[in-house]
2 protein chains.
Amino acid sequence: MDDRDAPAYFALFNEIGILSQLSRAALEARLPNGLLVTHFGVVNHLIRVKDGQTPLVLARAFQVPKTSMTHTLAGLERHGLVEMRPNPKDARSKCVWLTDAGRAFRDQAVADISFMMAPLAEAFAPERAAALLPELAALRQVMDAARDGEDG
Amino acid sequence: MDDRDAPAYFALFNEIGILSQLSRAALEARLPNGLLVTHFGVVNHLIRVKDGQTPLVLARAFQVPKTSMTHTLAGLERHGLVEMRPNPKDARSKCVWLTDAGRAFRDQAVADISFMMAPLAEAFAPERAAALLPELAALRQVMDAARDGEDG
DNA sequence: GGCATTTGGTGCGGCATCGTACTAAATGGT
DNA sequence: ACCATTTAGTACGATGCCGCACCAAATGCC
């Protein structure tokens, strides 16, 4: 790699890091009492894809260690937003099911966050957001592949 | 905002969050013993802009709470990479100065990380990274502005 | 000058994240 | 069927991040 190429990646990762921080803070400000973006993310995922998935599948989907997912799911269960039931296919495993409260929480959160995003849409059109996605997804794919490690 | 616009932002922030996580992990794997991306970021910033800045200025530059910056700077000082001297303009304040070890650390880290990025450059050309930057920077700007407008 | 308010920095405590190590169950080779 | 290996989930401990409360110095107001 040419030495002049590095700064582009440095700047890119720097921008991504700060954006991650800012978006995290912005979203969490609109979430109820002790709930974090990770909680919303999991519930949202369970609705968008389907519930009944195992913790490990979720951990992989979010690219986090399984211990982190255990912790997040414990929080969701404490708040009554999901229910952990045994996995009929595998006695070691569990399945994560949404509760009615979980679905209600997600609907409310989506509404609140959408409301928060209204001014954002004026300064940064959704088309621009959509246009960024494929490239970022491609970059993610590449970094995934480059990842040494295991976990899983 | 149209309800159909929200998913674009959700997906974008989700991708950004995961990329932040992946890049953080990838960079930290190339950093010496207990040093984190935050440490590198500060040292790099002190070189790119200039050293002698106060902790508060740095905290604002990185969009982190000042307590976090205190913590990061304490780590850098413990490793002998920066030196905290009293601020001649303000007795409450301090100035952060790079040490020779700090500059050496930065050079080494840049080299190591550039080396690590070589395979990345093959699958994701630097031009693509550079092309993403302006849009992400614009988005950051917008979110910064939205943040300032909030109650605190 | 005297006093209230603001500002820079830090100690402390709570919480999230994640690596290590462990248990229990499934899998595969024989 | 047996046993070694792999896999799902968790307990525990270490560490980073950050909000709150506090102190000391600066600033503003009279």
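Coordinates for the structure precede this section.
Conventions and cut-offs
Residues numbered from 1 in each chain as written. Chains lettered and ligands numbered in written order. Predicted model: local features only at pLDDT ≥ 70, side-chain atom pairs only at ≥ 80, totals over all residues. Heavy atoms only, no water. Contact = heavy atoms within 4.5 Å. Buried area = accessible area lost by both parts, 1.4 Å probe. Salt bridge = Lys/Arg side-chain N within 4 Å of Asp/Glu carboxyl O. Polar contact = N/O pair within 3.5 Å; in protein donor to acceptor, adjacent residues only side chain to side chain. Helix = DSSP H or I, 4+ residues; strand = E, 2+ residues; numbered from the N terminus. Nonpolar A, V, L, I, M, F, W, Y, C, P; charged D, E, K, R; others polar. Pairing = 2+ DSSP bridges. Near = heavy atom within 4 Å. Least-squares fit on C-alpha atoms with pLDDT ≥ 70 in both. Phe/Tyr/Trp six-rings, centres within 6.5 Å; stacked < 30°, edge-to-face > 60°. Buried < 20%, exposed > 50% of the residue type's maximum accessible area, 1.4 Å probe, protein only. Arc of directions from axis to C-beta.

Draft legend 1. Structural view of the interface of chain A and chain B. Between chain A and chain B, the residue contacts involve 51 residues of the former and 52 residues of the latter. Summed over both partners, the interface of chain A with chain B comes to about 5200 Å²; 77% of that surface belongs to carbon and sulfur atoms. When the buried area of chain A at its contact with chain B is split by residue, Y9, F10 and L19 of chain A rank highest and sum to 13% of it. In this structure, the connection of chain A to chain B is made through four salt bridges. Note that R128 of chain A and E135 of chain B form a salt bridge whose closest N and O atoms lie 2.8 Å from each other. Taken together, the links from chain A to chain B amount to seven residue pairs in polar contact (both at pLDDT 80 or more). In terms of residue count, the dominant contributor to the side of chain A that touches chain B is helix α1 (residues 6-28) of chain A (17 residues). In terms of residue class, the side of chain A that touches chain B is built from 37 nonpolar, six polar and eight charged.

Draft legend 2. Highlighting the pairing of strand β2 (residues 90-98) of chain B. All names here are of chain B. Both strand β1 (residues 82-87) and β2 contribute to a ladder of six bridges, which runs antiparallel. Within β2, the position partnered with E83 by the bridge is W97. Between the end of β1 and the start of β2, which pair antiparallel, lie two residues.

Draft legend 3. Highlighting the protein's contact with DNA strand D. Close contacts around DNA strand D come from 22 residues, with P55, L56, R92 and K94 of chain A together with R92 of chain B the closest. Here DNA strand D approaches the protein such that, of its atoms within 4 Å, sugar and phosphate make up 67%. At a separation of 2.9 Å, a base nitrogen of DNA strand D approaches a polar side-chain atom of K66 of chain A. Between DNA strand D and the protein, one listed contact pairs a phosphate oxygen with a side-chain N or O atom of R24 of chain B at 3.3 Å. Here the residues of the surface near DNA strand D sort into five nonpolar, ten polar and seven charged.

Draft legend 4. Molecular detail of the relation of the copies chain A and chain B. For the pair chain A and chain B, the best superposition has an RMSD of 0.4 Å and corresponds to a rotation of 179° with a translation of 0.1 Å parallel to the axis. When the rotation and shift are considered jointly, the pair of chain copies conforms to a two-fold rotation axis. A shared binding surface is used by both copies, with 98% of the interface residues of chain A retained as interface residues in chain B.

Draft legend 5. Quick look at the protein's contact with DNA strand C. P55, L56, K66, R92 and K94 of chain B are the nearest of the 21 residues found near DNA strand C. When the atoms of DNA strand C within 4 Å of the protein are grouped by moiety, sugar and phosphate amount to 62% of the total. Side-chain polar atom of K66 of chain B to a base nitrogen of DNA strand C: 2.8 Å apart, as the coordinates give it. Elements represented by at least two residues in the surface near DNA strand C include exactly α4 (66-78) and β2 (90-98) of chain A together with α3 (55-62), α4 (66-78) and β2 of chain B. With four residues, α4 of chain A is the single largest residue contributor to the surface near DNA strand C. Grouping the amino acids of the surface near DNA strand C by side-chain chemistry returns five nonpolar, ten polar and six charged.

Draft legend 6. Just the packing of aromatic side chains, in detail. The final tally for this structure, using the stated rule, is two aromatic pairs over all chains. Between F40 of chain A and F10 of chain B, the aromatic rings sit 5.6 Å apart at their centres with planes inclined by 35°, giving tilted as the arrangement. Of this pair, F40 of chain A sits in helix α2 (residues 37-48) while F10 of chain B sits in helix α1 (residues 6-29), on two different chains.

Draft legend 7. Representation of the environment of Q63 of chain A in the model. Residues and elements named next belong to chain A. Inspection of the secondary structure puts Q63 in the loop between α3 (55-62) and α4. On the accessibility criterion, Q63 (13% relative accessible area) is buried. Along the backbone, Q63 and D144 are 81 residues apart, and their C-alpha atoms lie at a distance of 9.0 Å.

Draft legend 8. The side chain of D51 of chain B, seen in detail. All names here are of chain B. Mapping D51 onto the fold places it in the loop between α2 (37-48) and α3. In terms of polar contacts, D51 uses its side chain to reach the backbone amide nitrogen of L98, at 3.2 Å. Only 3.4 Å separates the side chain of D51 from the side chain of R103, close enough to count as a polar contact. Once residues within four sequence positions are removed from consideration, D51 is found in contact with L46, V96, W97, L98 and R103.

Draft legend 9. Examining α3 of chain A more closely. Listing the buried residues of α3 of chain A in full gives P55, L58, A59 and F62 of chain A. Across the axial projection of α3 of chain A, the buried residues extend over an arc of 100°, all falling on one side. The secondary structure elements touched by the buried residues of α3 of chain A are α2, α4, β1 (82-87) and β2 of chain A together with α1 of chain B. Looking at the residues trailing α3 of chain A, positive phi occurs at Q63 of chain A, about 60°.

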